[in-house]
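Structural characterization, general
Listed below are the residues making up each chain.
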Amino acid sequence: MSRPTALALPAFLLLGVLATGCSDKEEPGSELSPRVLYGFDGCDDLLDYTKGQAKGLIDQYGNLYGYDYSQGWFGEDAAGGDGLSGSGGSTGGVDDGGDGEPAPGDGNGGDDGGKDYSGTNVQEAGVDEPDVVKTDGERILAFARGQLHFVDVSGASPTLRGSLNLGADLYEAQIFMHEDRALLLVRTWPYYYDYEGAPQPEGLDLQQYFGPDYWAGITRLIEVDISNPEAMKIVSNLHITGELVSARMVDGVARVVVRSAPTGIHLKEPYEFFDYQAFEQGGGSEGLYEHMWQIALAQSKVFNKSAIDASTIENWLPRYVREDLSQGQGEITSGVLLACDDVMHTGVYSGLSTLGVLTVDLNSHLAPTGGVGVFSEGETVYASKENLYVATTPWNPADWDPEASAEEQGRTTYVHKFDIKDRTRANYVASGEVRGWLLSQWAMSEFNGDLRVASTDSLGWDQTTSESFVSVLRQDGDELQQIGQVGGLGKTEQIQGVRFIGDKGYVVTFRQTDPLYTVDVSDPTKPVVAGELKIPGFSAYLHPVGEDLILGVGRDGTEDGQILGMQLSLFDVSDDAAPKQLHKIAIGEDWGWSEALFDHKAFLWWGKTQLAMIPLEWGSYDENENYLWEQGALGFRVDKEEGIVQIGEIQHPDPVVEDCWDEYYGCGWSPMLRRSIVIGEQVFTLSDVGIKASALADLSDAHWVEFPQN
């Protein structure tokens, strides 16, 4: 029996992952609110819910994704595995948290007489985000090519003190650092070798615990003791069935978000029951095909519902394997992360996956200690210092239905709010909804207790009906009530960039030109569009660089909507009614691309010297028409009067490749510069081959620290 809940979420909190459909599960005499979370009365109740929802989708569609199989087979298994690995399309991206104020760009160290330093670019002050590099002004931790590197920057020149090999299969890891502990967050996949003579997998054999048929993503959390740089060591590993979504850390307490799909339920598609030999012998007519397809579809439904009936709790809830290495010899524990009565679901069916939020205090050890789950998709996470918000846009099957009405089409984003002031647990407090879907974490911002949300909506996939909104949600009991909204932004367009600064919002939409809208949210009950600027191209990332000045990182364009190369734009927003583009500069040559277009952590702003830096890749042709590919980090001085002026470029040396097999082309490669940070009077840039220190004034070379190869 479903019951309303406002459960306290313990250290390991599992939220839900939202998707599709309708729930007929109700309390006697009452309807469930789609904006409230409800608990289960034990495992039988939970299994009734999951099995009932899954079999309802099989009955209606013949599959779990809303595809119309009634007219015949038209595609491969969208899940790419057990047929039960997801519950809808996500339109969201990466996520973060904050209070609406810009994160500091002038440094966050030096008060005790040490060097001033920038850290990595985060959305909000006090809410850290994991990245491939971290620093406290004295130490740099960097991940590159499967290794964690410790660079000492406390002296006159940077020194590599130690490197820790984390495994050859790790291509990307994100880092949190707190005192003498590091927490690494890794997206990985199981590697199973089941043929004769195959090499054995390195490290823990997860096949033993997750099964030979588990091929989906695994989130690996690695706790590392960095107290001795020359002998860093892994203290513990925690492997979770599911995909890493994002993470935040406030005052040494990290919240790690993991999306986990049901596993191990083997469903079959109708084509697996289709009798092709009988079809050919019967003449192969269209009418015979339709008849035989309906028979195959009915058979697949019977088979799949039987498979769902046979499922257990282990199929529906995420599992873990913990490896404790603190005493040297590994001690292994494994199991299901959640107790059935600690799981919740939304009032309207929102998917059969779970979104896990693990609370890890870096002052203690990593451990899976209970938790709470929600069956609901969740693709966008935002955190202020006090609250965590999980937003999700359920996939709407009506978007695929040409017969669906306008009322049935369109999308709704649900937002769940959790109080995270307690270092050991989080509390679910309220839920709400807004029209449309969100671009990324930048679409949400908490200010004076209210949540501002920027969203885009359309009828199905008809872009001509698209428009964007800024809505304000305020908590009232267990609901986030919409107290204000303004719409009509960028009709026929979609949001490409958004930033809230104080009581103002700045929204970029794009289709042919780039309207930059200024939105006044000083009265949260009556947000208004104050002004608009239309220019070619668009800005994907917006960063405040001074009073009433915003720097945009994006792409140039023509008046008819053709996208050109990279550009930086400086906007004057001192007059809400008339924002202006003061300056712009093209970056790169024939073609350019930067990680800063989709990951704000790749952007650096150092306000003390008005320095902006971004990594860049670009292509051009030399005098002999040979195509050249270059990579580097470019630095720009930004000034309201003088404009945007490039002051220098940093490049890393190409790595030396031993035993090169290609004499004609060579085996070298140009390292891609990923991040830039400031420490003292130097800029440190990171690539897979090392860290370079350059002079802050002109970006001239100072020191080079090369990472050892695996």
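Structure: above.
Right, let's walk through the structure included here. Everything quoted here is computed from the prediction, not taken from an experiment.

A few words on the pattern of salt bridges. Applying the stated criterion across every chain, the model contains 27 salt bridges. Between D225 and R181 there is a salt bridge, with the nearest N and O atoms lying 3.7 Å from each other. Residue D225 is located in strand β11 (residues 218-225), and its partner R181 is located in strand β10 (residues 181-188); the two are separated by 44 residues in the primary sequence. Of the two residues, D225 and R181, both sit in the buried class. The shortest N-O distance in the salt bridge between D599 and K601 comes to 3.4 Å. Residue D599 shares its accessibility class with K601, and that shared class is buried.

So, about the packing of aromatic side chains. Summed over the entire model, instances satisfying the criterion amount to 15 aromatic pairs. An angle of 35 degrees between the planes, with centres 5.8 Å apart, marks the rings of W593 and F598 as tilted. What makes F598 exposed here is its relative accessible area of 53%. Site record: aromatic cluster; members linked through ring pairs are F274, Y276, F279, Y289 and W293. A cation over a ring is seen here: K268 above F303, with NZ or CZ 4.8 Å from the ring centre. Between the NZ or CZ atom of R411 and the centre of the ring of W437, over which it lies, the distance is 5.2 Å.

This part covers the state of the cysteines. Tallied over the entire structure, the rule returns one disulfide. The disulfide partner of C43 is C340, and the S-S distance across this bridge is 2.0 Å. Its S-S torsion of about 90 degrees marks the bond between C43 and C340 as right-handed, since a negative value means left-handed. On the criterion of sequence distance, the pair formed by C43 in helix α1 (residues 43-61) and C340 in the loop between β16 (331-336) and β17 (343-346) is long-range, its members being 297 residues apart. When its relative accessible area of 35% is taken as the criterion, C43 is described as partly exposed. The exposure class of C340 is buried, given its relative accessible area of 5%.

Moving on to the packing of α1 against helix α4 (residues 286-309). It is the contact of α1 with α4, at a shortest axis distance of 10 Å, that shows an interaxial angle of 175 degrees. The angle between α1 and α4 falls in the class roughly antiparallel. In this structure, α1 contributes K51, A54, K55, I58 and D59 to the contact, and α4 contributes K301, N304, K305, I308 and D309. Here the contact of α1 with α4 is composed, by residue class, of three nonpolar, one polar and six charged.

Here we take up unusual backbone geometry. A positive phi is found at E179, a non-glycine position, where the angle reads about 55 degrees. Mapped onto the fold, E179 is located in the loop between β9 (173-178) and β10. Backbone geometry at D548 places phi at a positive 65 degrees, although glycine is not the residue there. Tracing the chain through its elements places D548 in the loop between β32 (538-546) and β33 (549-557).

Moving on, we come to α1. Helix length check: α1, at 19 residues, gives a terminal C-alpha distance of 27 Å against a target of 27 Å (1.5 Å per residue), a fit within 8%. Within α1 the residues assigned to the buried category are D45, L46, L47, Y49, T50, K51, Q53, A54, L57, I58 and Y61. Buried residues belonging to α1 abut α4, α5 (313-316), β17 and β19 (373-375). At the exit of α1 stands G62, carrying a positive phi of roughly 90 degrees.

Time to look at a nonpolar patch on the surface. Together, Y621, Y627 and W629 give the surface a local cluster of nonpolar side chains, amounting to about 340 Å² of exposed area. One can find W629 in strand β39 (residues 627-639).

Thresholds, definitions, all that
Numbering of residues starts from 1 in every chain and runs along the sequence as written. With the structure being a predicted model, the display of local features is reserved for residues of pLDDT at least 70 and the display and counting of side-chain atom pairs for 80 or more, all residues being used for whole-chain, interface and lining totals. The side-chain numbers reported here are obtained from all heavy atoms of the structure, hydrogens and water having been left aside. Between Lys or Arg on one side and Asp or Glu on the other, a salt bridge is scored when a side-chain nitrogen of the former is within 4 Å of a carboxyl oxygen of the latter. Put simply, DSSP marks the helices as runs of H or I at least four residues long and the strands as runs of E at least two long, and each gets a number from the N terminus on. The buried label applies to any residue whose accessible area, calculated with a 1.4 Å probe on protein chains only, is under 20% of its type's maximum; exposed applies above 50%, and partly exposed to all values in between. Any Phe, Tyr or Trp ring, taking Trp's six-membered ring, that has another such ring centre within 6.5 Å forms a pair; planes under 30 degrees apart are called stacked, those over 60 apart edge-to-face, and the others tilted. Only lysine NZ and arginine CZ atoms are considered, and such an atom sits over a ring when it is within 6 Å of the ring centre and within 35 degrees of the ring normal. The disulfide criterion used throughout: a pair of cysteine sulfur atoms within 2.5 Å. Geometry is summarised by axes, namely lines fitted to C-alpha atoms with helices restricted to the contacting stretch, and by angles between N-to-C directions that run from 0 to 180 degrees. Put simply, angles under 35 degrees are roughly parallel, angles over 145 are roughly antiparallel, angles from 65 to 115 are roughly perpendicular, and the rest are oblique. The contact rule is simple, with two residues in contact once any of their heavy atoms fall within 4.5 Å. In the scheme used here, Gly and all other residues not listed as nonpolar or charged are polar, with Ala, Val, Leu, Ile, Met, Phe, Trp, Tyr, Cys and Pro taken as nonpolar and Asp, Glu, Lys and Arg as charged. Given the number of residues in a helix, its expected span is that number minus one, multiplied by 1.5 Å. A patch consists of residues whose relative accessible area exceeds 30% and which take part in no salt bridge; residues with like charges are grouped when within 9 Å of each other, and nonpolar side chains (Val, Leu, Ile, Met, Phe, Trp, Tyr) when within 5 Å. Per-residue accessibility takes into account occlusion by the displayed protein chains alone, with areas from the Shrake-Rupley method and a 1.4 Å probe.

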